[in-house]
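Each chain is listed here by its residues.
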Amino acid sequence: MTNPEAQQQAQQSVSEAEPQAESQDRFEEARSAEEAQATERLERAVRAAEQALIEFEIAVETFRVEVENFSRLHHQRLGPMYSRLDELDALIAEAVAQRTGDPEDQRRAREARGLVQPMPGVEELFHGWIDSDGLSPEAAAMLTEKPVQPPPRVRPSEEARRIYRDLARKAHPDLAEEEAEQERRGAFIVRVNAAYAAGDVETLRALAEEWEAGPPPPERRAGRSEELYARLEWLAERKEMLAAVAAELESSAIGAMIKMAPEDPDGLLDEIAEQLLAQVSEKEARLAELAR
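Being a predicted model, the structure only gives us computed values, none of them experimental.

Criteria and thresholds
- Residues numbered from 1 in each chain as written.
- Predicted model: local features only at pLDDT ≥ 70, side-chain atom pairs only at ≥ 80, totals over all residues.
- Heavy atoms only, no water.
- Helix = DSSP H or I, 4+ residues; strand = E, 2+ residues; numbered from the N terminus.
- Expected span 1.5 Å × (residues − 1).
- Buried < 20%, exposed > 50% of the residue type's maximum accessible area, 1.4 Å probe, protein only.
- Arc of directions from axis to C-beta.
- Contact = heavy atoms within 4.5 Å.
- Phe/Tyr/Trp six-rings, centres within 6.5 Å; stacked < 30°, edge-to-face > 60°.
- Lys NZ or Arg CZ within 6 Å of the ring centre and 35° of its normal.
- Core = buried A, V, L, I, M, F, W, Y, C linked by side-chain atoms within 4.5 Å.
- Polar contact = N/O pair within 3.5 Å; in protein donor to acceptor, adjacent residues only side chain to side chain.

Given a rise of 1.5 Å per residue, 13 residues ought to cover 18 Å, and the 18 Å separating the end C-alpha atoms of helix 7 (residues 201-213) matches this to within 8%. The set of residues buried in helix 7 consists of V201, L204, L207 and W211. Projected down its long axis, helix 7 shows its buried positions confined to an angular sector of 115 degrees, all on one face. Exposed and oriented more than 90 degrees from the buried face of helix 7 are E202, E209 and A213. Those residues of helix 7 that are buried are in contact with helix 5 (158-171) and helix 6 (179-197).

Next up, the structure:
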């Protein structure tokens, strides 16, 4: 026979346990909701940091291309003028030394002539195949049978810049977490950067079509909080590295010149050319006076 008292106690225990179980369930649900919200906040922070990093990388790469193009155009367009100025300085110093016969003037003439005819450097010793930065573009072109085309101007066209930025924002390796996808995107962005540096709008258009036709980027996996924190840390380190690259570019002589005319660096080249031509005219007039 069932003990009525024991049965009553059992029923009471069950009745008391049910609210406790419901309370525990609610607690677990609340904790899970809080963890989900925290993870969602971290994911938003990671996405924001990724986009900020990509925008910063676009700015750094854009400035790097401008510095490189400005340097090449500066050398190609203004190099002959600088050489002419050095030659005129030497001729003037030699004319003055011939007139005065002063040993100090003769020393200055030798120094000025030395600037016009420097000791052979790496470029001369290797007949232009290798310069201080390695294999020259001309040598590389000969080996690959590709023509060397100087940049038409410092800053690529607006269309080239627009396509480049759009591709960088879509295909940047930093948007991928899987190693294989990072490698695929990295190889693609190398081609994008090369086309942008050359100001090749047609190639950039073709690359945009290629990206749109390619495999879609993999969906982001729901990661744990530790993974998201690690991602944020990596993004911060990457940003710090890029900041160092940007600072080095800005502190360079060419970078400083571009920052003098950020809206029209090509116009700055024209302005410098006019100043050099004026100096050439002045020195030629001075040399003509000495030759009388």
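All right, on to the packing of aromatic side chains then. Under the defined criterion, the tally for this structure stands at two aromatic pairs. Centre to centre, the rings of Y164 and Y196 are 4.2 Å apart; their planes meet at 15 degrees, and the pair counts as stacked. Of this pair, Y164 sits in helix 5 while Y196 sits in helix 6, and the two are 32 residues apart along the sequence. On the basis of relative accessible area, Y164 is assigned to the buried category, the value being 3%. Both rings, one in F188 and one in W211, keep their centres 5.2 Å apart while their planes meet at 40 degrees; by these two values the pair is tilted. With F188 in helix 6 and W211 in helix 7, this pair connects stretches of sequence that are 23 residues apart. Over the face of the ring belonging to F56 we find K239, whose NZ or CZ atom lies 5.0 Å from the ring centre.

Core analysis: the biggest nonpolar cluster contains 22 residues, and F70 and L78 have the highest contact counts within it. Contributing elements (two or more residues each) for this core: helix 1 (4-100), helix 8 (225-251), helix 9 (253-260) and helix 10 (265-291). When residues of this core are assigned to their parent elements, the largest contribution, nine residues, is made by helix 1. Setting aside chain neighbours within four positions, we find L78 in contact with L73, L269, I272, A273 and L276. By size, the runner-up hydrophobic cluster in this structure holds 19 residues, among which are I163, L167, A168 and A197.

Let's shift gears to the environment of A171. Position of A171 relative to the elements: it lies in helix 5. When its relative accessible area of 0% is taken as the criterion, A171 is described as buried.

Glancing now at the environment of R77. Structurally, R77 is set in helix 1. The contact partners of R77, leaving out residues within four places of it in the chain, are L269 and D270. Side chain to side chain, R77 and D270 meet in a polar contact 2.4 Å long.

Shape is all these values report; function is a separate question.
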